[in-house]
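# Observations on the model geometry
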Amino acid sequence: MSKASIVREWTRTDGSKCVGGSDDNAKAPPGSLMLYNSLLDEKVPFVPASGPGSKSLSWYTCGPTVYDVSHMGHARNYVTFDIIRRVLEDYFGYNILYVMNVTDVDDKIILRARRNYLLAKYKEGKHTDAEVKDFAEKAVQNSFAKQRAKLAEAEALVVTAMEEQEAYAADKKGVLQRQLNELEGAIKNEAHKLSQIQTALRALGQAGDSATIYAVASDFVAEELDREQGKSVTDSSIFRAHAAKYEAEFTQDMDSLGVRRPDVLTRVSEYMDEIVDYVKKIVDNGIAYESNGSVYFDTTNFRACGHTYGKLKPWAVGYSALAAEGDSNFETSEKRSNTDFALWKASKPGEPFWESPWGQGRPGWHIECSAMASTLIGSRMDIHTGGDDLRFPHHDNELAQAEALYHNEGCHQWVKYFLHSGHLEIEGLKMSKSLKNFITIREALKSFSARQLRLLFVLQSWNKSMVYGEASRAEMKAREAQLKNFFQNIEVAVRGVDEITSCAKWQAEERDLSQNLQAVQNQVHEHLLDNLNTAAVMDTLSELIKSTNIYLSKKRESASAAAPAQPFLLRKVSTYVTRMLSMFGIVDASWDKPGFADAAGGAGDAKGAGYLDAFAAFRDEVRSLARTQADPKETMTACDRVRDVALVELGVRLEDRPDGKAIWKLDDPAVINAEQQERAKTASEARSFIHGGVQSTEY
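Residues numbered from 1 in each chain as written. Predicted model: local features only at pLDDT ≥ 70, side-chain atom pairs only at ≥ 80, totals over all residues. Heavy atoms only, no water.

## Quick look at unusual backbone geometry
- At the junction of F392 and P393, the peptide bond is cis and its omega measures out at 5 degrees in the coordinates.
- Within the element layout of this structure, P393 appears in helix α11 (residues 391–405).
- Residues other than glycine seldom take positive phi values, yet N292 does so here, at roughly 55 degrees.
- The phi dihedral of Q629 is positive, around 50 degrees, even though this residue is not glycine.
- Along the chain, the position of Q629 falls in the loop between α18 (605–627) and α19 (632–649).
- Residue classification places Q629 among the exposed positions, given a relative accessible area of 72%. (Helix = DSSP H or I, 4+ residues; strand = E, 2+ residues; numbered from the N terminus. Buried < 20%, exposed > 50% of the residue type's maximum accessible area, 1.4 Å probe, protein only.)

Below you can see the structure in the form of structure tokens.
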């Protein structure tokens, strides 16, 4: 790569072209919303394409390629942008046309559907264990050889990149260094894949029966079957059914996570006419060419027409190792340049196809999004979002295609703001299906609630990589506990209080808390203006919660009827906290009803009946004990039982106080049960320790 090819390009808020960097920061008036724009990799003022005073935005987000189950890496992307969408809509008041696609025609879908079909047919065949093992060993060995070659290629690219670093020492800390870093990351990923294949080979050597062999090597067997028999799969319904299944599962997963649905949902299979027309226009503009029934984008002529190719990730152009997963056919003799890419792929045996002026075929991956987004949004888009791994080649190619389509209209920047969510990492690697280190959303929801997972992402910077590890999960649980305790304390303080008669002249404590609230509101606003810094917002809310808890503690300690905790002030604080949490999607209920929706009382008929049943059963037991003049200890046991069993099942936490008066709080029954089990375990261990100590003194 030559130094001259490293170009960052963006259009300023006044419409003029900026190459190499943005000077908009100096022009940004105080109070401007700043967003991290991947086109420049820096924060820039956010100004809608329709003008500084406009509240209308167009937003296209890359949706799922529905070939397999959704995992936590997908949750990181879609929940993160759901949070950003909510802030822009609910806090800043923008009216957004939110468009999301579903890629239901793609290489990954074709391969996975075909392989699953062939594997199922193979398993139905009458093969001995020895035959299955022989075939599996051949399949794994072939995968090993292929992967070893990919690792060697990645290592060779690093050597080349290091040589370029030496030639351009001034760029050591610039984009060439980023190229080197990403190539080294690619080596790490390829080495991990090779290690997994080696592990499979060792396990396969110990496997005896077919069931064990398939458990170890089914993916490899399916890949080998596809290589040998893939051309024989001609039933198009196999591909449609596969995509429909995983689209339905993705939708269910997003609903479970509380992600708002898009305003428009597009499927590639429903936009074939528009895609064909889009490709034809780019050909007519002289920026694409036909070759053996396929159509390729001409990156050389694109540049000659005054456009920049590779705006988002210029250091990756021409490097297959830095291309997003699944961008197949990177190298082919049909292309004029190795940087050219397919707009339309000629039909091959074993693939679905559609009619076109160039013959039967199907669209390339990148053209799908450009065509669907342009059809609905046009030649100028405010926001385009996706995971960071989509920068190149997918989003760079989307940009190039749209600029080529609108070339005669003078379009040099189709998207004004590109936002990319940071990777979700696990054990030092990006969570990914190809690395086989993913946790599905459904698996995660067995251990965590949707609210907890959303908290996990709110507590992180949206555009930086985050680690799905014990530390981040522990922080998430601690914050949730703090929020629960805060809302419970507020609810206890105002429960049964006549808010009018309780109003009293504010003292220093009330004035301090009110001033603290105002300061927090200002700080939160500044944090949101600063690239939607939700993590800083949560830290600021945490400080407000601590101040409120201190205020309540002082009021309880004073025990003065003349100076009770002021309910209006407490409701104002809790309502503000709830409003912020509601904006992030952490609270489901309306923000003017403080607290978590699942701990607000929910006095529906079923819930109310449960409380009444528990009270009636307890009353019956106490009356029975009274009639029989039972030992008072039995009555106390009955009281403990209703506290520890009946009320817990209803989500009621009954806490005894030193003054003999109990207070109740609402919480998740599972949480209360878990705490009880932990206390019982600790007590049991303590008894065992004491008993063991006594025994040891007897010998």
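Alright, that's what it looks like, and here's the rest.
## Topic: the sheet that holds strand β15 (residues 429–430)
- Within the open sheet, the three strands sit side by side as β15-β14-β16. Their pairing is mixed. The sheet terminates laterally at β15 and β16 (466–467), the two strands that pair on one side only.
- Pairing between strand β14 (residues 424–426) and β15: two bridges, direction antiparallel. When the sheet's bridge partners are listed, I426 is paired in β15 with L429. (Pairing = 2+ DSSP bridges.)

## Observations regarding the pattern of salt bridges
- Summed over the entire model, instances satisfying the criterion amount to 44 salt bridges.
- Between D284 and K280 there is a salt bridge, and its shortest N-O distance comes to 3.5 Å. Taken together, the positions of D284 and K280, both in helix α8 (residues 272–284) and four residues apart, correspond to about one turn of that helix.
- On the basis of relative accessibility, which here comes to 54%, the residue D284 falls in the exposed class.
- Of the charged contacts in the structure, one is a salt bridge between R479 and E475, with a shortest N-O distance of 3.9 Å. You can see R479 and its partner E475 sitting in helix α14 (residues 470–494), four residues apart, about one turn around the helix.
- Here the salt bridges do not stand alone but share partners, grouping R85, E89, D90, R260 and D263 into one network. (Salt bridge = Lys/Arg side-chain N within 4 Å of Asp/Glu carboxyl O.)

## Here we look at the packing of helix α3 (residues 107–124) against helix α6 (residues 210–229)
- Look at α3 against α6: their axes get within 8 Å of each other, and the N-to-C directions meet at 105 degrees. Compared by their axis directions, α3 and α6 come out roughly perpendicular. Packed against α3, whose contacting residues are L111, R114, R115, L118, L119, Y122 and K123, the element α6 presents Y214, S218, V221, A222, E223, L225, D226 and Q229 at the interface.
- Partitioning the contact of α3 with α6 into residue classes produces eight nonpolar, two polar and five charged. (Axes fitted to C-alpha atoms, helices over the stretch in contact; angles between N-to-C directions. Parallel < 35°, antiparallel > 145°, perpendicular 65-115°, else oblique. Contact = heavy atoms within 4.5 Å. Nonpolar A, V, L, I, M, F, W, Y, C, P; charged D, E, K, R; others polar.)

## Some details on the sheet that holds strand β9 (residues 294–297)
- Strand order in the open sheet formed by four strands is β8-β9-β10-β11, with antiparallel pairing between adjacent strands. Only two strands of the sheet have a single partner each, and these edge strands are β8 (288–291) and β11 (361–363). Here the strands of the sheet are splayed against their neighbours by 20 degrees on average, with no regard to which way each runs.
- Here strand β10 (residues 341–346) runs beside β11; their pairing, made up of three bridges, is antiparallel. Bridge pairing in β11 places W344 opposite P363.

## Section: the packing of aromatic side chains
- Taken as a whole and assessed by the stated rule, the structure comprises 14 aromatic pairs.
- On the basis of an interplanar angle of 35 degrees and a centroid distance of 6.0 Å, the ring pair of Y289 and Y296 is categorised as tilted. For the pair Y289 and Y296, one class covers both residues: buried.
- Through pairs of rings, three or more aromatic residues link up here, namely W59, F81, Y98 and W462.
- Note that R336 overlies the ring of Y289, its terminal NZ or CZ placed 3.9 Å from the centroid. (Phe/Tyr/Trp six-rings, centres within 6.5 Å; stacked < 30°, edge-to-face > 60°. Lys NZ or Arg CZ within 6 Å of the ring centre and 35° of its normal.)

## Some remarks on the packing of α14 against helix α16 (residues 534–558)
- The N-to-C vectors of α14 and α16 enclose an angle of 35 degrees; their axes lie 10 Å apart at closest approach. Note that α14 runs across α16; the crossing there is left-handed. Only M538, D539, S542, I545, K546, T548, N549 and L552 of α16 make contact with α14, whose side of the interface consists of R479, Q482, L483, N485, F486, N489, I490 and A493.
- Grouping the constituent residues of the contact of α14 with α16 by class yields seven nonpolar, six polar and three charged. (Left-handed = near helix turned anticlockwise from the far one by under 90°.)

## Notes on the environment of K436
- Turning to its location among the elements, K436 is positioned in the loop between β15 and α12 (441–447).
- Sequence separation of K436 and H192 is 244 residues, and the distance between their C-alpha atoms is 9.6 Å.
- Apart from residues no more than four positions distant in its own chain, K436 is found in contact with Q196, D219 and F220.

## Here's the deal with the side chain of D104
- Residue position: D104 is located in the loop between β6 (95–102) and α3.
- Despite its burial, D104 pairs with no opposite charge, the nearest such side chain being R267 at 5.2 Å. (Lys, Arg positive; Asp, Glu negative; His and termini not counted.)

## Describing the side chain of N489
- One can find N489 in helix α14.
- Its relative accessible area of 16% is what places N489 among the buried residues.
- Beyond its immediate sequence surroundings of up to four residues, N489 is in contact with N549, L552 and K665.

## Quick word on the state of the cysteines
- Within the structure shown, the criterion is met by zero disulfides.
- No disulfide involves C369; its sulfur sits 3.9 Å from that of C62, the nearest cysteine.
- For C369, a relative accessible area of 1% puts it in the buried group. (Disulfide = S-S within 2.5 Å.)

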